[in-house]
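# Examination of the molecular architecture
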Amino acid sequence: MKTLLRILPLILFLAIAVLLYRGLYLDPTHLPSALVGKPFPEFSLPALDEPARRLTRADILGRPALVNVWATWCPSCRQEHPVLNRLAQAGVVIHGVNYKDDRSTAQRWLRSLHDPYRLNIEDAAGTLGLDLGVYGAPETFVIDAHGVVRDKYIGVIDDAVWRERLEPLYTTLLEEARP
Amino acid sequence: MIPELGVLSLGLALGLAAVQASLPLAGARLNAPRWMALAGPAAWGQFVFLTAAFAILAHAFLSDDFSVAYVARNSNSALPWYYKLSAVWGAHEGSLLLWAWMLAAWTCAVCMGSRKLPRTLRARVIAVMGMISVGFVLFLIATSNPFVRLLPETPPDGNDLNPLLQDLGLIFHPPMLYMGYVGFSVAFAFAIGALLDGHIDAAWARWSRPWTLVAWAFLGSGIALGSWWAYYELGWGSWWFWDPVENASFMPWLVGTALIHSLAATEKRGVFKSWTVLLAIAAFSLSLLGTFLVRSGVLTSVHAFATDPTRGVFILCFLLLVVGGSLALYAFRAPAISSRVPFSALSRETLLLVNNLLLSVAAAMILLGTLYPLLLDALSGAKLSVGPPYFNTLFIPLMAVLMAATAVGVVARWKYTDGRWMVRMLWPSLMVCLILASGAAVLAPSSPWAVGGVCLLATFIMAGGLRDIADKCRHLSPGLWLSRGLPALGRSYWGMQLAHAGLAVCALGIVLNSVGSIERDLRMGPGDAIELGGYRFVFEGTVGHVGPNYTAERGQVSVWRGDRPAAVLHPEKRVYHVQQAPMTEAGIQAGLTRDLFIALGEPLGGGAWAVRVHIKPFVRWIWIGALMMALGGLVAAADRRYRRAPRHPAAARTLAQVP
């Protein structure tokens with residue numbers, strides 16, 4: 001028993017080391033989401049601005065859109081928010097997933113910082129986030145008119161990311177959606 | 001030509017580090033005094049060459065030598081000179097060089113301060129530090145050479161320093177933090193030396209204590225500085241995010257706190273010997289792990305450092321050797337140093353054990369919360385993030401119990417404390433604290449329980465401390481306790497009292513600030529006003545402003561309290577030219593009981609802006625408390641006892657081995 005106690009720190013450390021080694025090759029920024037090419041998961045969750053109304057997958061179909069996972073506890077989301085405002089003004093369809101957040105704080109945030117979202121899904125328990133494989137906020141999914149996930153971006157969208165990565169895809173999706 | 005001399009210096013430093021790591025250790029084993037005597041000169045030589053390398057890199061920055069890739073990436077000719085200097089440690093390569101240089105500096109300090117140590121222990125301690133140095137300098141040369149050139153395509157100008165880092169607080173934050181990280185290597189080296197020696201006595205603990213205290217104080221002030229920087233520079237008025245990088249520096253601090261307490265028990269009473277050694281290993285291992293987490297990109301965070309698997313693999317191998325090796329050594333040698341000294345259930349030993357337990361559990365829970373997303377990802381591919389809710393739920397109750405234990409522990413006596421006597425000691429002050437706390441709870445605008453609880457614990461710590469000072473003085477010199485007793489208490493004791501008071505102040509700041517903060521996000525055009533918390537904020541509009549390497553929109557907000565002007569604040573929105581990065585500079589009026597904080601969001605057209613207005617009560621107390629703790633550590637480290645020749649019989653016996 002005493003011997004076990006003495007080697008316990010070593011065993012714990014080796015376990016952590018194995019974990020860290022695996023972690024090195026799980027590149028969080030470039031990891032392609034398992035969801036890319038698959039349909040956006042089904043959900044039935046309240047709308048943030050109107051809790052009585054339930055939103056489902058059908059509500060976000062029909063037009064290519066960005067689905068942005070955000071929260072008021074996430075500092076980077078604040079950094080990203082003005083960019084989303086600008087995109088929304090330019091006509092980009094953005095839906096929000098308010099992830100593990102407090103409803104009133106989130107509503108206040110949108111009132112004061114401007115609301116760029118067409119629809120805002122309130123995912124207080126994080127169930128949709130789990131289905132989406134959310135690593136942390138902010139994360140943004142690009143879906144086409146049929147609700148298929150075409151790309152996923154982890155981290156803050158800034159002008160460069162939009163211009164170089166998301167805008168070309170979004171424009172192609174708009175072309176595709178045109179009859 | 002000059003940068004190549006930098007590479008040469010690194011190479012020579014590596015050679016000397018290898019000498020320092022091997023020969024003295026072999027000398028200690030074979031009892032060869034000449035080999036052991038090499039430790040000092042090798043350490044000094046290494047320090048000279050690393051200083052040269054550091055100076056050469058600094059020179060490259062100050063002289064805008066953009067042929068050096070690292071300079072081109074992190075500097076710009078328009079950068080003010082002090083930021084050019086701090087840009088030396090603004091990114092990966094340079095900050096590692098700073099790490100290695102500080103390690104060499106600490107080693108030289110140990111060389112100078114350890115002349116009275118037994119020769120074998122001294123040789124072993126310096127050799128262990130040499131091994132760590134080999135690892136870091138090799139890492140620099142192999143994967144992160146800061147002197148790589150961009151020849152012949154030298155860029156005309158540099159990429160500029162990350163604007164977030166162009167700030168006074170960030171000049172000092174990394175060096176302070178690294179002083180702490182690296183300083184724990186001394187405690188670590190002492191622990192390994194003791195394991196190799198096979199025995200630990202009071203003298204060993206007395207040698208380790210001042211080094212550990214100094215390292216702990218640096219780490220604490222580094223963390224406080226980082227938190228202060230986040231508060232005013234990131235622009236959303238929070239001072240702690242439970243971000244992986246913050247956690248990485250907080251864990252060694254928590255374990256280091258446990259270590260300085262357990263070292264005290266080991267010195268005074270000879271208890272917890274093997275536990276102390278384990279904590280010393282853990283504190284430094286967590287410092288290395290912190291470096292790994294920040295530098296390898298295993299975890300992403302707001303600090304967002306570059307991801308590079310080769311570097312990660314190198315650090316991981318290094319971690320395996322250092323931490324794995326020392327824990328294996330611990331597993332083999334712990335029986336040789338374990339102690340059996342009895343103490344009763346109510347004694348200072350027991351309360352220090354409680355302290356150690358709570359701090360270790362807190363560190364473990366932060367480690368779990370930091371690594372858990374990684375664990376889940378590795379096991380199942382599922383991704384998850386644990387936010388502040390997890391950390392706050394677990395950390396706050398632990399700290400509340402810790403504060404109660406602190407108040408009682410200061411009064412408790414070593415070995416055996418009479419329960420009835422202790423109740424008599426603390427009873428009156430506890431009553432006073434209860435009255436004060438209920439008063440505060442009644443006055444609190446919201447969350448009376450949290451406010452009352454923290455006021456009770458904080459005043460109880462202070463009252464327990466004062467009670468103990470009075471009691472100690474009476475014992476030291478009855479009758480003359482003010483004139484004779486107070487000065488006789490010693491710096492070690494005053495340092496402890498100051499640090500405990502700092503804990504109380506910091507806790508008060510944290511709770512009162514999170515309970516009482518008010519904020520508004522709103523659109524404000526020129527002339528608009530808002531009432532908040534008894535203040536009236538009038539937005540006067542913005543004007544353009546040109547800095548050395550940025551242009552800014554500078555707002556003016558006058559604040560009124562009733563009819564009297566309270567402050568004029570100037571929040572800024574800057575755009576740095578080279579990286580085109582927008583930055584928020586908050587306008588802050590600092591005060592002891594509250595900060596007024598204004599940050600500009602986005603321009604909304606027509607001269608109007610999205611404006612964020614905060615009133616943050618008692619936020620300064622958080623950092624004042626943290627600095628009091630750090631200062632307490634330094635005061636305690638300056639105790640005369642650590643410099644005087646040891647009188648303890650065990651120490652005398654060890655010294656007798658020196659011919």
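Residues numbered from 1 in each chain as written. Chains lettered and ligands numbered in written order. Predicted model: local features only at pLDDT ≥ 70, side-chain atom pairs only at ≥ 80, totals over all residues.

### Structural notes on the overall build of chain A
- Across its full length, chain A holds five helices and seven strands.
- Going from N to C terminus, chain A has its helices and strands arranged as α-β-β-β-α-β-α-β-α-β-β-α.
- Across its three principal directions, the C-alpha atoms of chain A cover 70 × 35 × 30 Å.
- The buried share of chain A, reckoned over its 179 residues, is 35%.
- Restricting to contacts in chain A with at least 6 residues of sequence separation, those with at least 24 account for 74%. (Helix = DSSP H or I, 4+ residues; strand = E, 2+ residues; numbered from the N terminus. Buried ≥ 20, exposed ≤ 12 C-beta atoms within 10 Å, placed from the backbone. Contact = placed C-beta atoms within 7 Å.)

### Considering the overall build of chain B
- Within chain B, the secondary structure is distributed over 20 helices and 10 strands.
- Taken over C-alpha atoms, the radius of gyration comes to 27 Å for chain B, in line with the 26 Å a tight globule of 659 residues would show.
- The C-alpha extent of chain B, read off along each of the three principal axes, is 80 × 75 × 55 Å.
- Scored against the burial criterion, the 659 residues of chain B give a buried share of 54%. (Rg over C-alpha atoms; globule rule 2.2 N^0.38 Å.)

### Let's talk about the sheet that holds strand S3 (residues 65-70) of chain A
All names here are of chain A.
- Reading across from one edge, S5-S4-S3-S6-S7 is the order of the five strands in this open sheet, with mixed pairing throughout. The open sheet has two edge strands, strand S5 (120-123) and strand S7 (149-154), and neither has a second partner. Taking the axes of each pair of neighbouring strands and ignoring which way they run, one obtains an average angle of 20° across the sheet.
- Relative to strand S6 (residues 139-143), S3 runs antiparallel, the two being bridged by five bridges. Opposite Val69, over in S6, you have Glu139 as the bridge partner.
- Across the face of the sheet, helix H5 (residues 159-177) comes into contact with S6 and S7 while running at roughly 165° to S7. (Pairing = 2+ DSSP bridges. Axes fitted to C-alpha atoms, helices over the stretch in contact; angles between N-to-C directions.)

### Details of helix H8 (residues 168-197) of chain B
Residue and element names in this part refer to chain B.
- For H8, built from 30 residues, the straight-helix expectation of 44 Å at 1.5 Å per residue is met to within 8% by its first-to-last C-alpha distance of 45 Å.
- Buried residues dominate H8, accounting for 23 of its 30 residues.
- Of the residues flanking the end of H8, it is Gly198, one or two places downstream, whose phi is positive at about 85°. (Expected span 1.5 Å × (residues − 1).)

### As for the nonpolar core
- Core analysis: the largest hydrophobic core is formed by 223 residues, its most contacted members being Ala100, Ala187, Val255, Ala280 and Ala507 of chain B.
- Here this core gets 18 residues from one element, more than from any other, and that element is helix H9 (residues 202-233) of chain B.
- The two domains that each donate at least three residues to this core are domain 1 (1-161) and domain 2 (518-619) of chain B.
- Ignoring any residue separated from it by four or fewer positions in sequence, one finds Ala507 of chain B in contact with Met403, Val454, Leu457 and Ala458 of chain B.
- If you look at the next biggest cluster of nonpolar residues, it comprises 30 residues, including Phe40, Leu66, Cys77 and Leu173 of chain A. (Core = buried A, V, L, I, M, F, W, Y, C linked by C-beta atoms within 7 Å. Domains from an automatic or database assignment.)

### Looking at the environment of Leu532 of chain B
- Structurally, Leu532 of chain B can be placed in strand S2 (residues 529-532).
- Non-local contacts of Leu532 of chain B, meaning those with residues more than four positions away in its chain, are made with Ile518, Arg520, Phe537, Val613 and Ile615 of chain B.

### Remarks on the domain arrangement of chain B
Residues and elements named next belong to chain B.
- Along its sequence, chain B is carved into domain 1 (1-161) and domain 2 (518-619).
- Listed per partner, the contact involves six residues of domain 1 and five residues of domain 2.
- Across the side of domain 1 that touches domain 2, the residue classes tally to three nonpolar, two polar and one charged. (Nonpolar A, V, L, I, M, F, W, Y, C, P; charged D, E, K, R; others polar.)

### Side note on the packing of H8 of chain B against helix H10 (residues 244-269) of chain B
Residue and element names in this part refer to chain B.
- Remark: H8 packs on H10, axes separated minimally by 11 Å, with the N-to-C direction vectors making an angle of 45°. One way to sum up the angle between H8 and H10 is to call them oblique. Both H8 and H10 take part in a crossing whose hand is left-handed. Taking contact as the criterion, the partners of Leu177, Tyr181, Phe184 and Ala187 in H8 are, on H10, Ser249, Pro252, Gly256 and Leu259.
- Looking at the contact of H8 with H10 residue by residue, the classes come out as six nonpolar, two polar and no charged. (Parallel < 35°, antiparallel > 145°, perpendicular 65-115°, else oblique. Left-handed = near helix turned anticlockwise from the far one by under 90°.)

### Things to note about the sheet that holds strand S9 (residues 594-605) of chain B
Residue and element names in this part refer to chain B.
- A sheet is described by the order of its strands in space; here four strands give the open sequence S1-S10-S9-S8, paired in antiparallel fashion. Strands at the two margins of the open sheet, each flanked by one partner only, are strand S1 (518-524) and strand S8 (587-589). For this sheet the average axis-to-axis angle between neighbouring strands, irrespective of direction, equals 15°.
- Taken together, the three bridges between S8 and S9 define a ladder with antiparallel strand orientation. Bridged to Ile588 within S9 is Phe597.

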